[in-house]
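Observations on the model geometry
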Amino acid sequence: MVAWSEQERSIIANLFSNLDYEDVGAKALTRCLIVYPWTQRYFGGFGNLYNAEAIKMNPNIAAHGVKILHGLDRALKNMDNIKETYAELSVLHSEKLHVDPDNFKLLSDVLTIVIAAKLGTDFTPEVQATFQKFLAVVVSALGKQYQ
Amino acid sequence: MTVWLLISCCHHRLGLSPKGGDIPQVLMDVYKPTAAASSKPSPDKMSLSVKNKDTVRAFWAKLSPKAADIGADALCRMLVVYPQTKTYFSHWKDLSPGSAPVMMHGAVIMQGVTDAVAKIDNLTDGLDQLSQLHAFTLRVDPANFKVLSHNLMVVMANQFPKDFSPEVHVAMDKFLALVALALSEKYR
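Residues numbered from 1 in each chain as written. Chains lettered and ligands numbered in written order. Predicted model: local features only at pLDDT ≥ 70, side-chain atom pairs only at ≥ 80, totals over all residues. Heavy atoms only, no water.

- Chain B goes by Hemoglobin embryonic subunit alpha-like in an unreviewed UniProt entry, where it is assigned to Gouania willdenowi.
- One UniProt comment on chain B, placed under Sequence similarities (unreviewed entry), says "Belongs to the globin family." (UniProt positions renumbered as here; feature names shortened; annotations may be inferred.)

- The name an unreviewed UniProt entry gives chain A is Hemoglobin subunit beta-1-like, with Gouania willdenowi as the organism.
- Listed in UniProt under the heading Sequence similarities (unreviewed entry), the comment for chain A reads: "Belongs to the globin family."

Some details on unusual backbone geometry
- With phi around 55°, A:His98 is a residue other than glycine that occupies positive phi space.
- Looking at where A:His98 falls in the secondary structure, it is placed in the loop between helix H7 (87-96) and helix H8 (102-119).
- According to the relative accessible area criterion, A:His98 is exposed, its value standing at 51%.
- At B:Arg139, a residue that is not glycine, the phi angle is positive and equals roughly 50°.
- Tracing the sequence through the fold places B:Arg139 in the loop between helix H8 (128-138) and helix H9 (143-159).
- The class of B:Arg139 is exposed, set by a relative accessible area of 59%. (Helix = DSSP H or I, 4+ residues; strand = E, 2+ residues; numbered from the N terminus. Buried < 20%, exposed > 50% of the residue type's maximum accessible area, 1.4 Å probe, protein only.)

Some details on the UniProt feature "domain: Globin" (unreviewed entry) in chain B
- The positions UniProt marks with the feature "domain: Globin" (unreviewed entry) are residues 47-188 of chain B.
- With 70% helix and 0% strand, the stretch residues 47-188 of chain B has end C-alpha atoms that lie 22 Å from each other.

Let's talk about the environment of A:Thr121
- Residue placement: A:Thr121 occurs in the loop between H8 and helix H9 (125-143).
- On a C-alpha basis, the gap between A:Thr121 and A:Lys133 in space is 19 Å, while along the polypeptide they are 12 residues apart.

Some points on the interface of chain A and chain B
- Listed by partner, the interface residues are 21 residues for chain A and 19 residues for chain B.
- Carbon and sulfur atoms make up 59% of the surface buried where chain A meets chain B, a total of about 1800 Å² over both sides.
- Looking only at chain A, the three residues that lose the most surface to chain B are A:Arg31, A:Ile113 and A:Pro125, adding up to 30% of its buried area.
- At the junction of chain A with chain B, the criterion picks out one salt bridge.
- Residue B:Glu167 is joined to A:Lys56 by a salt bridge in which the shortest nitrogen-to-oxygen separation is 2.8 Å.
- Applying the counting rule to chain A against chain B returns 10 residue pairs in polar contact (both at pLDDT 80 or more).
- Of all the secondary structure elements, the ones that give two or more residues to the side of chain A that touches chain B are helix H2 (21-35), helix H3 (52-57), H8 and H9 of chain A.
- Among the elements that line the side of chain A that touches chain B, the one with the most residues is H8(A), at six residues.
- Considered class by class, the residues forming the side of chain A that touches chain B number 11 nonpolar, five polar and five charged. (Contact = heavy atoms within 4.5 Å. Buried area = accessible area lost by both parts, 1.4 Å probe. Salt bridge = Lys/Arg side-chain N within 4 Å of Asp/Glu carboxyl O. Polar contact = N/O pair within 3.5 Å; in protein donor to acceptor, adjacent residues only side chain to side chain. Nonpolar A, V, L, I, M, F, W, Y, C, P; charged D, E, K, R; others polar.)

Considerations on the UniProt feature "domain: Globin" (unreviewed entry) in chain A
- Those residues carrying the UniProt feature "domain: Globin" (unreviewed entry) are residues 3-147 of chain A in this numbering.
- End C-alpha atoms of residues 3-147 of chain A are separated by 27 Å, and the span's content is 70% helix alongside 0% strand.

Quick look at the environment of A:Tyr21
Residues and elements named next belong to chain A.
- In this structure, Tyr21 sits in helix H2.
- Note: C-alpha distance between Tyr21 and Gly47 (26 residues apart in sequence) is 22 Å.
- Residue contacts for Tyr21: discarding those within four places in its chain leaves Phe16, Ala26, Val66, Leu69, His70 and Asp73.
- Within the local environment of Tyr21, its side chain forms a polar contact with the side chain of Asp73, the two groups lying 2.5 Å apart.

Some thoughts on the pattern of salt bridges
- Applying the stated criterion across every chain yields a total of 14 salt bridges over all chains.
- The residue B:Asp73 makes a salt bridge to B:Arg77 at a minimum N-O spacing of 3.0 Å. Of this pair, B:Asp73 and B:Arg77 both sit in helix H5 (residues 67-81), separated by four residues, roughly a single helical turn. One exposure class covers both B:Asp73 and B:Arg77, and it is buried.
- Residues joined in a network through salt bridges with shared partners are A:Asp20, A:Asp23, A:Lys27 and A:Lys118.

Written as C-alpha cells, this is what we have:
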C-alpha cells in the first residue's frame, strides 16, 4: 500500500477540487494523440483524426478525454486503496480495449504538462512531485491485471 | 498494406475471391514490394522534419531571454520529483530549489541545449564533445536524459502556456529525444 503524507493528500484534494475537467480532459487526450500519434490506434471509431487541427476539433475525442479524467476520481476517493479500486478498469483496458500499458505513462506525462500550463506558479515542484506520484500509482494499478 | 486492399477491391469488383491464392501471379509479381523499396528509409521517420526544426528554432528564440531561469527550474524540479537524480550531485553542498549550484548548473545545461538548437541539422557531429563528456566523465545513465527532457517541457508549458501548443510540444519532444540520442552516441 502506498503511503501518503497529510501534505500530499491536501495537494491532491486541492488540485482536483479546482480542476476544470472539461478543459483539461479534452486538452490532455488531444495533446496525447498529437504528440504520440501511435496512440491514435485506439480511436479508430472516433471520427476525423487526420491532422492536429482535426484532432483538436474532434468532439468525440474531447468528450472521451473528459471521461478519462473523471476516471481519476476513483483514485482521489480511495487513495489508500488505489490498486484494488482499479482492478476492474485494469481488466477492461487489458481484455477489452487491448491498450498497451506503456500508453498510460504517455498520457500521464501529457496530463502533467497540461496541468503545468494551467496552474502557472501554483504548479510548484512539490505539487508536481505529488501529482506525478499520484499518477504513477494509478498507472501501476491499471497495469496490474494484464496477463 | 494499402496495395493489397486495392487488389482485394479489384477482385471483389471482378467477382473473384479476395484470397491471396486466387490472385493472378502476374499481379503478385507487379505489386510485391522489392527488397530495395522496403529497405529505403523514410525521411521523416522519427527524425526532425523541416517544419519541426523551424518550430523548435522559433520557440527557442521566444524562450531565450529566460533560458537560464528555465534551466534552473527544470533541474530543480528533476531533483525534487525524481530524487534518484540527486545521486549525480552528491558533491554539491546545497541541492535545494534556488540554491547557487542549481541555478548555475541549470544555466550551463541550457547553454548546451541552445548549442544543440544551433546544430539541429547535425546533432550527432555537433554534440560529439558533449557526448564524450557524458560518456567518459559524467557517466550519466542515459535514462535520465528522458527525465530531464520531461522536466524541461513541464517548465516550458508552465512558463509559456499559450506558446507551448501540441505542435510545439511534439517538435520539442522529438528534438530533445534526438539530443539525448546524440549525447548517448559515445557511451558504448
